[in-house]
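# What the coordinates show
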Amino acid sequence: MGIKVAKFGGSSVADGIQLTKTKQIIEQDPDRKYIVVSAPGKRFDGDSKITDLLYLCKTHIDHNLPYDQIFQVVADRYMAVEVNLGIDVDLLKHFDEIKAELKRNPSADYIASRGEFLNAVLIAGFLGYDFVDTANLIKFDAKGKLLVEETDEALRTELAKHERAVLPGFYGSTPDGNIKTFSRGGSDITGALVARAINADVYENWTDVSGFLMADPRIVKNPKQIETISYKELRELSYMGASVLHDEAIYPARMANVPINIRNTNKPEDNGTLITGEDHPAFLKAKGRTVTGIAGSKDFTVVALYKNMMSSERGFVRRILGVLDDYGVGFEHLPSGIDTVSVVMSNKDIGDRLDEIVDAFRTRLQPDNIDIIEDIALIATVGHRMSYRPGVAARLFTALGDAEVNIRMIDQGSSEMNIIVGVENKDFQKAIRAIYDAFCEEE
Ligand code: ASP
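This text gives an overview of the structure that appears in the document. This is a predicted model, so every value here is computed, not measured.

### With respect to the sheet that holds strand 15 (residues 418–424)
Here we have 5 strands laid out as an open sheet, ordered 12-11-13-15-14, and antiparallel in their pairing. Only two strands of the sheet have a single partner each, and these edge strands are strand 12 (340–346) and strand 14 (407–412). The average undirected angle you get between the axes of adjacent strands in this sheet is 35°. Here strand 11 (residues 293–306) pairs with strand 13 (residues 369–382) via 11 bridges, running antiparallel. For Ser297, the partnering residue across the bridge sits in strand 13 and is Leu378. Across the sheet, helix 11 (residues 316–327) lies against strand 11 and strand 12, angled at about 20° from strand 12, the strand it touches most.

If you want it as structure tokens, here you go:
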């Protein structure tokens, strides 16, 4: 027998129907011992997430507006599930406690966290598992930074006392005992921390899709599913916009080498996507394509700086970074040639300060020439296996050339796991389709 940590996202625990599916999934495999849950999500298009309603309560409290009705909508949703599924956990007692707290205008983090808290109490009752609160187990420092080692230790010690348990995702507390949440979608992180602490065989992340697709289905029609992907590949793809899992959930699982399996609560027969280390037997065994996935995003600006003999000038790049620091702008990429460096920045960071930033480059770096290329989209073609297969770049560039996409920038890290191209925003979708078509067929 092994141990699986299963985290169920908002849509998997949104109402009685979803919870019944969730229970069946859990009961199908006795290894599913530790269950992490989100707050109830949307039941249909246009519905509200419990977490959003709770934040709305806080806004009302802050503005001295009545919030009772909003809280009642929240309470009614849990009550309906309790009654429909015949669970007996005395939710009323918890509602009274929360209502008493609300009168004292508690923090937004406290109010939001009650969504996960109540759901975990309810689901523990439904499954007949212990309820284990994460408030004192997920530890943050006074500034709100997660204390990874302390959390690991606290979770391990507590869970050793419970054979089966349900834990609320999304929150922990600071040393003064105040509730602190992760950023939105953070129950994924709780699940990964629990999986790491108990060294689970697998961390299952149950959601409403059957894992990752090779490309965004809004751009490519029926893209193939990714069966296995390495943590590193996923990091590259999610950085570029592919999202199913919270970014910060990868690290704890990776540290403990626990594979993450993305699964679909509405299609439990699908195997989903398995995320592992590159040396994991499941990853080595999988056939895998050369290209694992393609992701990208629009709206970047490239500032290309040219200066004769730049290569022998000390401190050039340091001064570039100094300018970026002063403006609080990060750089996405910094491809360089002998006498050129291009700074790729997101338009979001730049805001309306492009002229100022370029002026600062001009005065502090004294370049011979500056080219500005606006409205650039970056596309990452990611695949661990690209590094030892010749001809991959040639195929990629031929595909883009055949599709008449003008490549404005190329960046390939030395890991050769990722080739990034910059194209004009208007060519973004065409470029992704061309790359996908060039690599999707092979097995
Ligand atoms: N309920 C929280 C949110 O909606 C956290 C989560 O579901 O992971 O962001």
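So much for the structure itself; the text now carries on.
### Some words on the sheet that holds strand 9 (residues 260–264)
Read from one edge of the open sheet, 8 strands run 3-4-2-1-7-9-10-8, paired in mixed fashion. Every interior strand has two partners, whereas the edge strands, strand 3 (130–131) and strand 8 (228–230), have only one. In this sheet, strand 4 (residues 165–168) lies alongside strand 3 in parallel orientation, the contact comprising 2 bridges. Considered in strand 4, the bridge of Asp130 is made with Ala165. With respect to the sheet, helix 8 (residues 231–239) is in contact with strand 8, strand 9 and strand 10 (273–276), its orientation differing from that of strand 8 by roughly 85°.

### Comments concerning helix 5 (residues 108–127)
Taking 1.5 Å of rise per residue, 20 residues should cover 28 Å, and helix 5 covers 30 Å from first to last C-alpha, within 8% of that figure. The largest bend along helix 5 measures about 30° and falls at Arg114. Taking burial as the measure, the 20 residues of helix 5 include 17 buried ones, the bulk of the element. Just past helix 5, the residue Gly128 takes up positive phi, approximately 75°.

### Side note on the packing of helix 2 (residues 50–62) against helix 3 (residues 68–84)
Running from N to C, helix 2 and helix 3 point in directions that differ by 155°, and their axes come no closer than 9 Å. Taken together, the axes of helix 2 and helix 3 lie roughly antiparallel to each other. The way helix 2 lies across helix 3 gives a crossing that is left-handed. When helix 2 is examined against helix 3, the residues Ile50, Leu53, Leu54, Leu56, Cys57 and His60 are found in contact with a partner set consisting of Ile70, Phe71, Val73, Val74, Arg77 and Tyr78. Taken together, the residues that form the contact of helix 2 with helix 3 break down as 10 nonpolar, 1 polar and 1 charged.

Parameters at a glance
- Residues numbered from 1 in each chain as written.
- Predicted model: local features only at pLDDT ≥ 70, side-chain atom pairs only at ≥ 80, totals over all residues.
- Heavy atoms only, no water.
- Pairing = 2+ DSSP bridges.
- Helix = DSSP H or I, 4+ residues; strand = E, 2+ residues; numbered from the N terminus.
- Axes fitted to C-alpha atoms, helices over the stretch in contact; angles between N-to-C directions.
- Contact = heavy atoms within 4.5 Å.
- Expected span 1.5 Å × (residues − 1).
- Bend = angle between axes of the 7 residues up to and from the residue.
- Buried < 20%, exposed > 50% of the residue type's maximum accessible area, 1.4 Å probe, protein only.
- Parallel < 35°, antiparallel > 145°, perpendicular 65-115°, else oblique.
- Left-handed = near helix turned anticlockwise from the far one by under 90°.
- Nonpolar A, V, L, I, M, F, W, Y, C, P; charged D, E, K, R; others polar.

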